[in-house]
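Structure assessment
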Amino acid sequence: MPSLEAMSLREVMPQGGEGSDRIRRETSAIKAAPVAGILWDRLPLIFAVTNLLLLGWMLAGIRHANHDDLYFEIVAHNPDLPWTQVAIWAAELQQRTTHLFNVPIALVGVWIGSTWIGEWVYQAQLLAMGLLAFLTLRRLTDEAVAAGWLALTCGAFAIHYYFMAPPGYPLIGLFSPSLFLLSLYLLLRHIERPSPLCLAGSLLASLIAVGWPEYDFIIFTLPVAGILVWKTSGTRRRRLLGLYGGVWLIGIVFYASGKLLFPAGSDAARVTPSFDLVALAKTFLTLWPKAILPFGLVEGIRLAQQAVPGVPALPALITFHTVARLLFSDPAFLAVLLAWGGGFWLVLRKVCAPQGALWALLAAGIMFLLAPTAVLSLSATYQHTVLAGYIQGHLSSGVAQVGFATVVFSASALLASRWRSSLVCAPLALLMAAICVLSLGYNLLMRDALAANNQRWAAFHLAAQAIPAGSKVVAPTFWGNNGVSAVPATLPFGMANYWTSWAQLMEGRPLDVRRPDETPQDGYVHIAYAPSPSGAPLVLIQDSSGLMLLSQVPRNLGDWRASNWECGAYCRLNLPATTWEEAEKLLRTTEAGANGLLSRLLLNRDGAFGGLR
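This write-up is about the structure you can find in this document. Since the model is a prediction, treat every value here as computed from it, not as a measurement. (Residues numbered from 1 in each chain as written. Predicted model: local features only at pLDDT ≥ 70, side-chain atom pairs only at ≥ 80, totals over all residues. Heavy atoms only, no water.)

1. Observations regarding the overall build of the protein chain
Within the protein chain, the secondary structure is distributed over 24 helices and eleven strands. C-alpha extents for the protein chain along the principal axes are approximately 105 × 75 × 50 Å. Every one of the 613 residues in the protein chain was classed for burial, and the buried ones make up 53%. For the protein chain, the share of sequence-separated contacts (at least 6 apart) that also reach a separation of at least 24 residues comes to 74%. Positive and negative side-chain charges of the protein chain, numbering 41 and 35 respectively, have mean locations separated by a distance of 10 Å. (Helix = DSSP H or I, 4+ residues; strand = E, 2+ residues; numbered from the N terminus. Buried < 20%, exposed > 50% of the residue type's maximum accessible area, 1.4 Å probe, protein only. Contact = heavy atoms within 4.5 Å. Lys, Arg positive; Asp, Glu negative; His and termini not counted. Charge placed at Lys NZ, Arg CZ, Asp CG, Glu CD.)

2. Describing unusual backbone geometry
Unusually for a residue other than glycine, Gln 95 sits at a positive phi of about 55°. Along the chain, Gln 95 falls in the loop between helix 4 (83-94) and helix 5 (99-113). Unusually for a residue other than glycine, Phe 493 sits at a positive phi of about 65°. Of the residues examined, Phe 493 reaches a relative accessible area of 25% and is grouped as partly exposed.

3. Quick notes on helix 7 (residues 143-155)
Helix length check: helix 7, at 13 residues, gives a terminal C-alpha distance of 18 Å against a target of 18 Å (1.5 Å per residue), a fit within 8%. With 13 of 13 residues buried, helix 7 is to be regarded as a mostly interior element. The backbone nitrogen of Ala 144 lies 3.2 Å from a side-chain oxygen of the residue at the head of helix 7, namely Asp 142. (Expected span 1.5 Å × (residues − 1). Polar contact = N/O pair within 3.5 Å; in protein donor to acceptor, adjacent residues only side chain to side chain.)

4. Section: the sheet that holds strand 3 (residues 472-474)
Spatially, 6-3-7-8-9-11-10 is the arrangement adopted by the seven strands of the open sheet, whose pairing is mixed. Edge positions in the sheet fall to strand 6 (512-513) and strand 10 (566-567), since each of these pairs with one other strand and no more. Sheet contacts for helix 23 (residues 580-587): strand 7 (525-530), strand 8 (538-543) and strand 9 (546-551); angle to strand 8, the most-contacted strand, approximately 165°. (Pairing = 2+ DSSP bridges. Axes fitted to C-alpha atoms, helices over the stretch in contact; angles between N-to-C directions.)

5. Digging into the nonpolar core
Membership of the largest hydrophobic core comes to 165 residues, with the highest contact counts inside it found for Trp 499 and Ile 541. What Ile 541 contacts, discounting residues up to four positions off in sequence, is Ala 463, Ala 466, Ile 467, Val 525, His 526, Ile 527, Gly 546, Leu 547, Met 548, Leu 550 and Trp 580. With 15 residues, the next largest nonpolar core counts Ala 528, Leu 538, Trp 580 and Leu 586 among its residues. (Core = buried A, V, L, I, M, F, W, Y, C linked by side-chain atoms within 4.5 Å.)

6. Quick word on the pattern of salt bridges
Summed over the entire model, instances satisfying the criterion amount to ten salt bridges. Its salt-bridge partner being Arg 96, residue Glu 214 comes within 2.8 Å of it at the nearest N-O pair. On the criterion of sequence distance, the pair formed by Glu 214 in the loop between helix 9 (196-209) and helix 10 (216-219) and Arg 96 in the loop between helix 4 and helix 5 is long-range, its members being 118 residues apart. Of the residues examined, Arg 96 reaches a relative accessible area of 7% and is grouped as buried. The salt bridge involving Glu 518 is made with Arg 514; its shortest N-O contact spans 2.9 Å. Note on Glu 518: relative accessible area 30%, which makes it partly exposed. When salt bridges that share partners are traced, they join Arg 42, Arg 138 and Glu 143 into one network. (Salt bridge = Lys/Arg side-chain N within 4 Å of Asp/Glu carboxyl O.)

7. Concerning the packing of helix 8 (residues 175-192) against helix 9
For the pair helix 8 and helix 9, the least separation of the axes is 8 Å and the interaxial angle reads 155°. As far as their axial angle goes, helix 9 and helix 8 are roughly antiparallel. The chirality of how helix 8 crosses helix 9 is left-handed. When helix 8 is examined against helix 9, the residues Phe 175, Ser 176, Leu 179, Phe 180, Leu 182, Ser 183, Leu 186, Leu 187, Arg 189 and His 190 are found in contact with a partner set consisting of Cys 198, Leu 199, Gly 201, Ser 202, Ala 205, Ser 206, Ile 208 and Ala 209. Grouping the amino acids of the contact of helix 8 with helix 9 by side-chain chemistry returns eleven nonpolar, six polar and one charged. (Parallel < 35°, antiparallel > 145°, perpendicular 65-115°, else oblique. Left-handed = near helix turned anticlockwise from the far one by under 90°. Nonpolar A, V, L, I, M, F, W, Y, C, P; charged D, E, K, R; others polar.)

8. Comments concerning a nonpolar patch on the surface
A cluster of nonpolar side chains, namely Trp 116, Ile 117, Trp 120 and Val 121, defines an oily patch on the protein surface of about 520 Å² accessible area. Tracing the sequence through the fold places Trp 120 in helix 6 (residues 118-140). (Patch = residues over 30% accessible without salt bridge, like charges linked within 9 Å, V, L, I, M, F, W, Y side chains within 5 Å. Areas by Shrake-Rupley, 256 points an atom, 1.4 Å probe, with all protein chains shown as cover.)

9. Digging into the pairing of strand 7
With five of its six residues buried, strand 7 lies for the most part within the structure. Pairing of strand 3 with strand 7 involves two bridges; the strand directions are parallel. In the sheet register, Val 474 faces strand 7, and the bridge partner there is His 526. As judged from the five bridges shared by strand 7 and strand 8, these two strands associate in the antiparallel manner.

So this is what it looks like as structure tokens:
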């Protein structure tokens, strides 16, 4: 006999399974509610990670972006050159004792970067550093602030063509900032739950982080001291300040000992301060605005490109007008602006950090924004090189950008936490979104230039396979400007010039590539190259057998069809009865690069680039 409960359920439940369906829907809704709540709470973090991944993708595949990378890569692969000799030479050259361990670290980083795992290590390092920054800042503020800061820092980071990490110094340029963040994170863990292991790790990381460049003594020490004053008190504060102060003093003494241990080398002026206040101010006011993209575009950022066929059709001076041409060419940029604005609006609405923490973040941002460039401007060498117009940026430019993003976001968070109205949050969100979209457009153009430059090494690889061993080679287009400097025609330690050394050490081919200032002789092999938007460069070679074109893939060129190419390890097109001038015209391909936002983002990272219409 059915129970009273069963009878009552049958009375209230609709027949024909309708009640069961309703119960299932209600149960699903109840289960989905916590999932939706968790997802809603994690949207700022998802937004931040998306920006971090975008920055990593924009940096992917960029190599050979500054002259130090070129030197270090050759040296790192020379089996006859001990790294200790290189480290001592560099320390003596600049009277920098810290180069005794900085240079071996740099050589390891460059060596890893030149292997097949280099890109994976680089991306993993960037991702780990971003997440470590998020975790550290979350402990000091709240999750919304940490996520918003990371999103703006990554989204607004301008990938300048000139001498700046991480486009230049991939892997190495992230080493010191990573150690600084690790030191902060371990210190906070120790403050919350005392651990000798965390404290020891924090002290060691802090000691190494301040080793180079010089402004690290300021930007990587003051935040630690500030946290100790903020988060500790009494005897514990004094003990920890004494420990960290002692560690930093060791670093300062070790650094300063270079002036006593080594005689003044030819580059010692780099670390010799000059107190010419006029020169200092001019140097600062030249470097600092160029680092911050919205300010740099006002006057214009110079772009050094080779005068060879196939390079992206970009003006020599990048301005707002240049970037606007790209941004207004595709409505997708408007959609991205709105998406970024929505993300920042959500973050600002969720900010609940104490005002004191936000003011501390703002102060740290101002320090990062100004201190590195100010320290660099003290250098006698940089006062000369900057005011002479040789460079318009430095490693400090990347740090200044982090400071700029920090100032903008912390000021926005302070305003949003003071006035919760959408009338305040929405304009602030759109401002940050506009900075990110501006940086995105600029970075896409810089990627074009950097990717085209990378094809020079792919082109040389093709040429080295086809040229007979022992040949004397004339290659004027391979010596063109590379960012802030030319490819080095001379190398230290009795090494041959750059391309001769590259052929021997990296290609395994004994070639004698003549310096750019030498007059060609009879019997020399002549080579030239042209990058192409597809990422596959064209190489023109003239030797005793005649003229030929090389490519990674066959292609239609003028009257020549793809079927005319002979392909094996590389593709070769013989050009009988053709003059060098006629053959050079084939390098001027009409291949168009991608112009839309999505098509640019989907370009392969092995040298492909877009076009500006």
